[in-house]
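What follows is each chain in one-letter form.
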Amino acid sequence: MVKNILRNPYFDFLRGLAICMVVGIHTVPVLTFGESFLDDLQIIIRQMLNAGVPMFLAISGFFLAKKTIDKDNRREFWYKHISRIYFPCILWSLPLFIITIYRNSLSHLPTDFLNLILCGFSIYYFVALIIQYYILLPFLKFKIQTLIWAGVISAVSILCVNYLTKIVGLDLPILLYAGPFPVWILFFVLGGVLSCVSRDYSLRAPAVICLIAIVAQYYEGRFIHNLGFGGGLGIKLTSFIYSGALIILLFSQKLENLYNAEFHTLKVIKAIGGISFGIYLIHCYILIIVQKLIPMHTWITDWIITLLLTSTIIILTRRISPNIAIKYLGFR
């Protein structure tokens, strides 16, 4: 039997924080290490946003670990959870599929079609990723031993990805280097483990690790940048260490107890969290429009306007036709 888990307002706030990070990553301008103090500051802020995807995975693991799935109801669980994210993803991938076919003149149709059904267009690798965890969920045990193994698997995977892409210089599609479940499994399992143990722990250690890892991210990123393969801002070992420590920090019961749902800014972020999947699905389309219509744009303006327009579209669509918005468009 699959038990329903009530929504937790604090974790909706964390979802909002995570989607703000994701949009921030996709609106970031081209940054260069060492050009100026402002550039370095923006690079540090950008790398602090790397926790966006790990946070989403940890939140999913946190709530999914609390579900009891009987052997006889696995298929019901898989169909319900996979279909609600897969079909909206395919729908929003279709414009990219059509554009790609137009540009390639059908010369790569089999590959393009495979990209479509595997969620390989743009940032939609995350849907393929979370589907893998849905499939794995009935077979996972959320214990400390599992977490240790998950950490080892993620560390080895990320080192292999960085070796292939940053040292060897292979130009891999995002679905191949960011889509396989071993790369991010640490965060899904971490979320699940945190839901099964006491979260009333000291915040000192994760806070210190966060600060150290932020600095380490900068220097690892600079090293990768100097190799000449990419900017060194995204997926790397230090960003995983930082993300894990930040998740432990933010998931603590002490911080949840401090959360004030009536504080205006937190209320706005919580509301964004309630429609985070819809924002994820369409914000890249909105960003293209924003960057074309606004002649002089900055990182912060693109970031805020994209979030504002995307949220407005989702809210209005849900009011006009809630069934279509939630069931088919993924605006939930």
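Residues numbered from 1 in each chain as written. Predicted model: local features only at pLDDT ≥ 70, side-chain atom pairs only at ≥ 80, totals over all residues. Heavy atoms only, no water.

**Notes on the overall build of the chain**
Counting its secondary structure elements, the chain contains 16 helices and zero strands. Scaling as 2.2 N^0.38, a compact globule of 332 residues should have a C-alpha radius of gyration of about 20 Å, and the chain matches this with 20 Å. Judged by the C-alpha coordinates and their principal axes, the chain covers about 50 × 45 × 45 Å. Within the chain, the proportion of its 332 residues that are buried is 47%. For the chain, the share of sequence-separated contacts (at least 6 apart) that also reach a separation of at least 24 residues comes to 82%. Surface exposure of the chain reaches about 17100 Å², of which carbon and sulfur atoms provide 69%. (Helix = DSSP H or I, 4+ residues; strand = E, 2+ residues; numbered from the N terminus. Rg over C-alpha atoms; globule rule 2.2 N^0.38 Å. Buried < 20%, exposed > 50% of the residue type's maximum accessible area, 1.4 Å probe, protein only. Contact = heavy atoms within 4.5 Å. Areas by Shrake-Rupley, 256 points an atom, 1.4 Å probe, with all protein chains shown as cover.)

**So, the environment of Arg 319**
Structurally, the position occupied by Arg 319 is in helix 15 (residues 299-320). Arg 319 gets classed as exposed once you look at its relative accessible area, which sits at 70%. Counting along the chain gives 42 residues from Arg 319 to Phe 277, while the straight-line C-alpha distance between them is 17 Å.

**Details of the environment of Arg 204**
Looking at the element boundaries, Arg 204 is found in helix 10 (residues 204-227). Between the C-alpha atoms of Arg 204 and Leu 249, which are 45 residues apart in sequence, the distance is 8.7 Å.

**Things to note about the pattern of salt bridges**
Under the criterion given, the structure shown has three salt bridges. Taking the shortest distance from any N to any O, the salt bridge between Asp 12 and Arg 15 comes out at 2.8 Å. One end of the pair is Asp 12 and the other is Arg 15, both in helix 1 (residues 9-27) and three residues apart, which spans about a single turn. Comparing Asp 12 with Arg 15, the two get one shared label, buried. A salt bridge links Lys 267 to Glu 262, with the shortest nitrogen-to-oxygen separation between them at 3.9 Å. (Salt bridge = Lys/Arg side-chain N within 4 Å of Asp/Glu carboxyl O.)

**Thoughts on the side chain of Asn 162**
Of note, Asn 162 is situated in helix 7 (residues 144-167). Beyond its immediate stretch of four places on either side in the chain, Asn 162 contacts Ile 167, Ile 224, Ile 235 and Lys 236.

**Regarding the packing of aromatic side chains**
Scanning the model with the defined rule gives 28 aromatic pairs in all. With 5.8 Å between their ring centres and 70° between their planes, Phe 126 and Tyr 280 make a pair best called edge-to-face. Of this pair, Phe 126 sits in helix 6 (residues 125-136) while Tyr 280 sits in helix 14 (residues 276-293); the two residues are 154 residues apart in sequence, bridging distant segments of the chain. Residue Phe 126 is classed as buried on the basis of its relative accessible area, which comes to 12%. Judged by its relative accessible area of 7%, Tyr 280 falls in the buried class. Ring-pair connections join several aromatic residues into one group, and the members of that group are Tyr 10, Phe 11, Phe 13, Phe 62, Phe 63, Phe 251 and Tyr 259. Across the ring face of Phe 277, the terminal group of Arg 332 is positioned such that the distance to the ring centre comes to 4.8 Å. (Phe/Tyr/Trp six-rings, centres within 6.5 Å; stacked < 30°, edge-to-face > 60°. Lys NZ or Arg CZ within 6 Å of the ring centre and 35° of its normal.)

**Overview of the nonpolar core**
For soluble globular proteins, the rule of thumb is that nonpolar side chains tend to be buried together. Judged by nonpolar contacts, the single largest core of 87 residues is most densely connected at Leu 14, Met 55, Leu 57, Trp 184, Leu 246, Phe 251 and Tyr 280. Once you skip the residues sitting within four places of it in the chain, Leu 57 turns out to touch Phe 126, Leu 129, Ile 130, Tyr 133, Trp 184, Phe 187 and Phe 188. (Core = buried A, V, L, I, M, F, W, Y, C linked by side-chain atoms within 4.5 Å.)

**What about the state of the cysteines?**
Tallied over the full model, the rule gives zero disulfides. This cysteine, Cys 20, is not joined by any disulfide, and Cys 284 carries the nearest cysteine sulfur, 14 Å off. Cys 20 sits in the buried class, given a relative accessible area of 14%. (Disulfide = S-S within 2.5 Å.)

**A short note on helix 4 (residues 74-104)**
Count 3.6 residues to each turn of an α-helix, and residues three or four apart come out pointing the same way. Along helix 4, the sharpest change in direction is near 35° and occurs at Ser 93; proline Pro 95 comes one to four residues later. When we look at burial in helix 4, the residues that qualify are Phe 77, His 81, Ile 82, Ser 83, Ile 85, Pro 88, Cys 89, Ile 90, Ser 93, Phe 97, Thr 100 and Ile 101. Those residues of helix 4 hidden inside the fold are in contact with helix 3 (52-64), helix 5 (109-117), helix 6, helix 14 and helix 16 (322-327). One or two residues past the end of helix 4 sits Ser 105, with phi positive at roughly 55°. (Bend = angle between axes of the 7 residues up to and from the residue.)

Geometric values such as these leave the question of function open.
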